[in-house]
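Here's the letter readout for the chains.
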Amino acid sequence: MSIVKTTVDRRSFLKVSALSTGGIVLGFNWACTPQEAVRAIPSEWFDVNAFLKIAANGMVTIMSPNPEIGQNVKTSMPMIIAEELDVKWEDVIVEQAPLDTDAFKRQVAGGSQSIRQGWSSLRMAGATAKQMLINAAAKQWGVDPSGLTASEGVISGNGKKITYGEIAAEAANVPVPEEVKLKDPKDFKIIGTERRNVDLNKIVTGQPLFGLDHKVDGMLYSVVLRPPAFGAKLKSFDDSDTRQVNGVQDVVQFGDKIAVLATSTWAAIKGQRALKPEWDLSGQLESTSYHDETMRNLLDTPSEEPKRNDGNVKRAFAEADKVIERTYEAPFLPHNTMEPMNFFANVTAEKVELVGPIQTPEWTRSRVAKLLEREESEVSIDMTRMGGGFGRRLYGDFALEAAEISSMINSPVKVVFTREDDMTAGTYRPGSKYKFRASIKDGQMTGYHLVGAGVNMRNATRENNFPAASLDNYLIESHNLQSNITTGAWRAPITNFLAFAEQSFIDEVAIELGQDQVQFRLDLFERALSNPVGEVGYDVEKFMGVVKLAAEKSNWTEKKDGVYKGFSAYYSHNTYVAEVAEVVMSGGTPKVQKMITAIDCGIVVNPMGAINQVQGGVIDGIGHAMYGELTFEAGVPQSKNFDQYRLIRTSEVPDVEVHFVESNNDPTGLGEPSLPPAGGAIANAIHAATGQRFYQQPFIKEKVVFG
């Protein structure tokens, strides 16, 4: 148990009021933390808040502030509050909060940070509410509150009992405590137990939850025709055929786009297809061949300002007995969420009402306000559940389109992307390339040089990640290729490919030196632990812990006939992951049959949800490493639907075994970290099985047939 100061003032304690039903509403805005915690971790982690309502019958409604994108925060964040509040989970009702920057902070789904950022403040919210209820009971009974306890919504002591519901109204008049007690993790009853997704019943029974489900009376549907190529501009268009489509109500141009308005999605789609546009194609129209050639040239160009430069890499390579050099290449990737982009807007003279699936509601609100020249206070955003995001729904371009169209037609409208729109008007994972070099002297790796180049990547590397600090001579350089193709975050940005390249290269160096691949990594970690060179950007002992756990759980050193293993480990989003892939040969082709994953992510709030996140990340990483690719020809994306874009299939999904390091540390990220190591693990396992190395993704480009 720990005692923390609430340091609550009128600004941070937003609301304490009685309900007409006899309950209480408590609102928190925690922008402060105990001084001890501030010294240990960044203060912005605590810039979160939560609302909870307690009814007279003891039911508790907990608002989940962050967007739910499938990462299960709508279940796990309320679990944290309920734990410290000390109520039965069965008595909790969870509701999605709207965007409210007065009440909530960092309402963002991105960077695997929702739980990490909210952990301590959500605990304080629940603990403060519990203490106020205890203090109210103590006042009613005329006793010292220190002699009372609370458990499962019941306050006990002095031979008496009272439920939260019975004392809730009184608690509205109790001063906010100056300090509260947080539970010792060993006393957790809800955190660390498996809890079913709070939306599961609605999801499986098809009840409205997602953006595509949202509708209001009089709403029009809009399908937008956008430029067919990045760099193209709209010259003119003929909409006469479109206006003849049954259900089409209007056609409007905004910028280089044409919006078709109709009474149904299908009518809008047919109207879009009937448009006859004329495009100006005289702009910069880039092709994959241009990207490839330019980035390869950049890899051979010294950077003016290296990202990191330890020792004397030039001398290490000059004195080497041997130099190992390998280049790895990654394509663009679309996000391909199950639910295509969509958003609802109703712009009137009085307000701007927005509803839909968005990862960045606050940023989106500010951009909509600027676009429409309105005050932010006039713009509201309600968040729906999202059918996937992976970074695509960070950008909100679809919400801006909906707001602009609604303002033009003076009517509520929902913009809906077709799958073709979604893939050809995306914000993509950028293409990238990496060149690795290792100098070998007297049977040891003495130098390490990485050059990265990426499209619209300010920094294509993670210069302080492993193997930084483990080598005397270590040089990291990065180059950026500016492009008019829209790029952005894609699940585990940068590291989603860099990890494969690095872990494949490390594996190849270990084998060249005749060393076991796991032990080779552990030896490097030992150097970073005992005699580090420069900054260490990772926790060496935690990293070593997952490496050893994965090796143990996979029986790494045990040889099994017909089973070939590959190892990979990576650190991202404050979480340490090691993975072992098992590959078998089936009919002469490699098949990934199992992945063993070890993870150190601190306290696991909901093991069921956590395992799902890890498994999803691993499968996503395998599928895109093997099959995913998007190319461009004269600015035009060459894949428009799933008949042209290969995803992993059910029959290709391996068994994913998940092991968490037991920990009482605060939770870290989990939605993304299991993806980066997956590609390296299967590549190294396939090499063990076939002798073939992969230097390009997708692996299928190497003309390998996978079972």
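No experiment lies behind these values; they were computed from the predicted model shown.

1. A closer look at the overall build of the protein
Each helix and strand counted, the protein has 16 helices and 30 strands in total. Taking 707 residues into account, the globule formula puts the C-alpha radius of gyration at 27 Å, and the protein, at 28 Å, falls close to it. Once the C-alpha set of the protein is aligned to its principal axes, its extents read approximately 85 × 75 × 50 Å. Counting all 707 residues of the protein, 58% fall into the buried class. Pairs at least 24 residues apart make up 75% of the contacts formed inside the protein by residues separated by at least 6 positions.

2. A look at the sheet that holds strand 18 (residues 342-347)
Sheets are built from strands that pair by backbone hydrogen bonding, the pairs being arranged parallel or antiparallel. Pairing is mixed across the open sheet formed by seven strands, whose spatial order is 13-14-11-21-18-19-20. Every interior strand has two partners, whereas the edge strands, strand 13 (248-254) and strand 20 (379-383), have only one. Averaged over all adjacent pairs, the angle separating strand axes in this sheet is 25°, with direction ignored. In this structure, strand 19 (residues 352-356) lies alongside strand 20, joined through five bridges in parallel fashion. Its bridge partner lying in strand 20, Leu354 is registered against Ile381.

3. Details of the pattern of salt bridges
Summed over all chains, the structure comprises 40 salt bridges. For Glu84, the salt bridge goes to Arg123, with nearest N and O atoms at 2.9 Å. Here Arg123 lies in helix 3 (residues 114-141) and Glu84 lies in helix 2 (residues 73-85), a separation of 39 residues in the sequence. Exposure class is identical for Glu84 and Arg123. Each is buried. Ionic pairing is found between Lys257 and Glu401, a salt bridge with its closest N-O pair at 2.8 Å. One end of the pair, Lys257, is in strand 14 (residues 257-262); the other, Glu401, is in helix 10 (residues 397-409), and 144 residues separate them in sequence. Salt bridges linked by common partners bring Glu83, Asp86, Lys130, Lys183 and Lys189 together as one network.

4. Focus: the domain arrangement of the protein
As a measure of interface size, the accessible area lost when the parts come together is often cited. When its domains are assigned, the protein resolves into domain 1 (2-199), domain 2 (211-282 + 341-416) and domain 3 (290-331 + 428-706). Facing the 17 residues of domain 1 at the interface are 16 residues of domain 2. Summed over both partners, the interface of domain 1 with domain 2 buries about 1,200 Å², with 57% contributed by carbon and sulfur atoms. Per-residue buried area on domain 1 facing domain 2 is highest for Glu68, Ile69 and Leu99; these three make up 44% of the total on that side. On inspection of domain 1 and its partner domain 2, the count reaches two salt bridges. A salt bridge links Arg385 to Asp199, with the nearest nitrogen and oxygen atoms 2.8 Å apart. The residue inventory of the side of domain 1 that touches domain 2, partitioned by class, reads eight nonpolar, six polar and three charged.

5. Notes on the pairing of strand 13
Here strand 13 runs beside strand 14; their pairing, made up of six bridges, is antiparallel. Across the sheet, residue Val251 finds its bridge partner in strand 14, namely Val260. In textbook terms, the turn of a hairpin is the stretch between consecutive antiparallel strands, and for strand 13 and strand 14 this stretch comprises two residues, one of which, Gly255, has a positive phi near 60°.

6. Observations regarding the side chain of Thr427
For Thr427, the position within the fold is in the loop between helix 11 (419-424) and strand 22 (432-441). The buried category is assigned to Thr427, whose relative accessible area is 10%. Here Thr427 is in contact with His335, Arg392, Tyr395, Asp397, Thr486, Thr487 and Gly488, once residues within four sequence places are set aside.

7. What to know about the sheet that holds strand 16 (residues 308-310)
Spatially, 16-24-23-22-17 is the arrangement adopted by the five strands of the open sheet, whose pairing is mixed. Edge positions in the sheet fall to strand 16 and strand 17 (322-330), since each of these pairs with one other strand and no more. Averaged over all adjacent pairs, the angle separating strand axes in this sheet is 15°, with direction ignored. Here strand 16 runs beside strand 24 (residues 473-481); their pairing, made up of three bridges, is antiparallel. Each residue of the ladder has a partner; that of Asp310, found in strand 24, is Tyr474. Of the strands in this sheet, strand 17, strand 22, strand 23 (444-455) and strand 24 are in contact with helix 7 (residues 288-299), which crosses strand 23 at around 145°. Lying on the sheet, helix 12 (residues 495-512) is in contact with strand 17, strand 22 and strand 23; it crosses strand 17 at an angle near 155°.

8. Examining the nonpolar core
Ranked by internal contacts, the top residues of the largest apolar core, which has 83 residues, are Tyr448, Tyr538, Phe543 and Met595. If one sorts the elements of this core by residue count, helix 12 sits on top with nine residues. When neighbours within four sequence positions are excluded, Tyr538 is seen to be in contact with Asn464, Asn465, Phe466, Pro467, Ala468, Ala469, Phe525, Ala528, Phe543, Tyr571 and Tyr576. Core analysis: the next-biggest nonpolar cluster, separate from the first, contains 39 residues, Val73, Leu85, Ala129 and Ile155 among them.

9. Observations concerning the packing of aromatic side chains
Summed over all chains, the structure comprises 26 aromatic pairs. Measuring from centroid to centroid gives 6.3 Å for Phe525 and Tyr538, while their planes differ by 75°, and the two rings are edge-to-face. Separated by 13 residues along the polypeptide, Phe525 in helix 13 (residues 517-530) and Tyr538 in the loop between helix 13 and helix 14 (540-553) bring together distant segments of the chain. Judged on exposure class, the residue Phe525 and its partner Tyr538 are both buried. Seen in terms of ring centroids, Tyr538 and Phe543 are 5.8 Å apart; in terms of plane orientation they differ by 85°. Their pairing is edge-to-face. According to the relative accessible area criterion, Tyr538 is buried, its value standing at 7%. Through a chain of ring-to-ring contacts, the aromatic side chains of Tyr328, Tyr434, Phe436, Tyr448, Tyr474, Phe497, Phe500, Phe505, Phe694, Tyr695 and Phe699 assemble into a single cluster.

Reading guide: rules and limits
Residues numbered from 1 in each chain as written. Predicted model: local features only at pLDDT ≥ 70, side-chain atom pairs only at ≥ 80, totals over all residues. Heavy atoms only, no water. Helix = DSSP H or I, 4+ residues; strand = E, 2+ residues; numbered from the N terminus. Rg over C-alpha atoms; globule rule 2.2 N^0.38 Å. Buried < 20%, exposed > 50% of the residue type's maximum accessible area, 1.4 Å probe, protein only. Contact = heavy atoms within 4.5 Å. Pairing = 2+ DSSP bridges. Axes fitted to C-alpha atoms, helices over the stretch in contact; angles between N-to-C directions. Salt bridge = Lys/Arg side-chain N within 4 Å of Asp/Glu carboxyl O. Domains from an automatic or database assignment. Buried area = accessible area lost by both parts, 1.4 Å probe. Nonpolar A, V, L, I, M, F, W, Y, C, P; charged D, E, K, R; others polar. Core = buried A, V, L, I, M, F, W, Y, C linked by side-chain atoms within 4.5 Å. Phe/Tyr/Trp six-rings, centres within 6.5 Å; stacked < 30°, edge-to-face > 60°.

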